[in-house]
Amino acid sequence: MRTNKKNRSFDQRIDFIKEVDKLKSVFRHTYLFDGTRNENDAEHSWHLAIMAIVLEDYSNERVDIIKVIKMVLIHDLVEIDAGDFILYTDRKEEKLEKEKKAADRIFGLLPKELRTEFTYLWKEFEEKKTPEARFAAAIDRLEPIMQNHATGGKAWKKHGIKLEQVIEANRHIAEGSESLWEYAKKLIENAEEEGFIC
C-alpha cells in the first residue's frame, strides 16, 4: 500500500501529465513540411526527439542522447503559458520573463526531484553551454529551416523575414553540429535563389 507521500507524488505526476496536454494546442509560426497547417509545439518536440536520435552521429561532441531527448521534449513546455514567440522577435526580454514565470508554475506541479531536474534541463537548454544543449539547440533551429525550405518559405514570407535575419539567428547551429550548419546553409542559399526569403 502506498504511503501518503507516495500518493502525493503520484498525484502530482498525473496532474503534470494532464497539464502538458495543453502543448498540443500551442501553435507555432512554422508550418508542417507539407505546408497544410501550422505545427503545434507537441509535434515540434516529438520531431526534435526523433531528429536527436537519427542525427546524433553529427553532433560536434559526444552527447548523452537521453539527456538531449529530455531537453527537446521539455524545452517548449513553458509555451503553454508564454505562447510561441517567433524566433526573430524584438520582444526578447518579454519572452524571457514570460517563460521564466511559466517554468516556475508548470515545473512546480511536479514532485521536488522532478521539478529540480526539469528546471535544470530547461535552463541548460536555454544557456547552450553543454554539448547536449548545443546539439539540442542545433536541431531545434534546423527543423524550421527545413520546414521553410519545404514550403517555399511560407513562414519567412508571412513574417517578412530577411536573409540576414535567418543567417544571424541560426548560425549557432554550428556550435552543436558543423555538419548540420553546412546543410542548413545550403538550404538557406537555395531558398534565397528560389525567392523563398524576403
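A few points on the structure. (Residues numbered from 1 in each chain as written. Predicted model: local features only at pLDDT ≥ 70, side-chain atom pairs only at ≥ 80, totals over all residues. Heavy atoms only, no water.)

**Regarding the environment of Ile161**
Note the cut-off: Strands here are runs of E lasting at least two residues and helices are runs of H or I lasting at least four, both read from the DSSP assignment and numbered beginning at the N terminus. Buried, partly exposed and exposed residues are distinguished by accessible area as a fraction of the type maximum, computed with a 1.4 Å probe on protein chains only: under 20%, between the cut-offs, and over 50%, respectively. Pairs of residues are marked as contacts when any of their non-hydrogen atoms sit within 4.5 Å.
By secondary structure assignment, the location of Ile161 is in the loop between helix H8 (154-158) and helix H9 (163-170). Looking at Ile161, the relative accessible area reads 4%, which means it is buried. Between the C-alpha atoms of Ile161 and Ile50, which are 111 residues apart in sequence, the distance is 27 Å. Non-local contacts of Ile161, meaning those with residues more than four positions away in its chain, are made with Ile86, Tyr88, Trp156, Val166, Ile197 and Cys198.

**With respect to the packing of aromatic side chains**
The criterion, for reference: The criterion for an aromatic pair is that two Phe, Tyr or Trp rings (for Trp, the six-membered ring) have centres within 6.5 Å, with stacked assigned to planes under 30 degrees apart, edge-to-face to planes over 60 apart and tilted to the rest. Charge-over-ring contacts are defined here by two conditions on Lys NZ or Arg CZ: a distance within 6 Å of the ring centre and an angle within 35 degrees of the ring normal.
Applying the stated criterion to the full structure yields 2 aromatic pairs. Seen from their ring centres, Phe16 and Phe118 are 5.5 Å apart, and the 80 degrees between their planes marks the pair as edge-to-face. Of this pair, Phe16 sits in helix H1 (residues 4-20) while Phe118 sits in helix H6 (residues 112-127), and the two are 102 residues apart along the sequence. By relative accessible area, Phe16 is classed as buried at 7%. An angle of 75 degrees between the planes, with centres 6.0 Å apart, marks the rings of Phe107 and Phe118 as edge-to-face. Residue Phe107 is found in helix H5 (residues 92-107), and its partner Phe118 is found in helix H6; the two are separated by 11 residues along the sequence. With respect to class, Phe107 is no different from Phe118; both count as buried. One aromatic cluster is present, formed by Phe16, Phe107 and Phe118 through successive ring pairs. The aromatic ring of Tyr31 is capped on one face by Lys154, whose charged end is 4.6 Å from the ring centroid.

**What to know about the pairing of strand E1 (residues 27-31)**
We count it as follows: Each pair of strands is called paired provided DSSP finds at least two bridges between the two strands.
Note that E1 and strand E2 (residues 38-40) share 2 bridges and pair antiparallel. Bridge pairing links Phe27 to Asn40 in E2.

**Remarks on the packing of helix H3 (residues 65-74) against helix H7 (residues 131-150)**
Two measures define how a pair of helices packs: the angle their axes make with one another and the distance between the axes. Note the cut-off: Note on method: axes are straight lines fitted to C-alpha atoms, helices fitted across the in-contact stretch only, with angles between N-to-C directions ranging 0 to 180 degrees. Orientation labels follow simple angle bins: below 35 degrees gives roughly parallel, above 145 gives roughly antiparallel, 65 to 115 gives roughly perpendicular, and whatever is left gives oblique. Crossing handedness is defined as follows: a turn of the near helix away from the far one that is anticlockwise and smaller than a right angle gives a left-handed crossing, while the clockwise case is right-handed. Under the scheme applied here, ten amino acids are nonpolar (Ala, Val, Leu, Ile, Met, Phe, Trp, Tyr, Cys and Pro), four are charged (Asp, Glu, Lys and Arg), and all others, including Gly, are polar.
Taken N-terminus to C-terminus, the directions of H3 and H7 make an angle of 50 degrees; their axes are 9 Å apart at the nearest point. Classified by the angle their axes make, H3 and H7 are oblique. H7 is crossed by H3, and the crossing has right-handed handedness. Across from Ile65, Lys67, Val68, Met71 and Val72 in H3, the residues of H7 making contact are Glu132, Ala133, Phe135, Ala136 and Ile139. A breakdown of the residues in the contact of H3 with H7 according to their chemical character gives 8 nonpolar, no polar and 2 charged.

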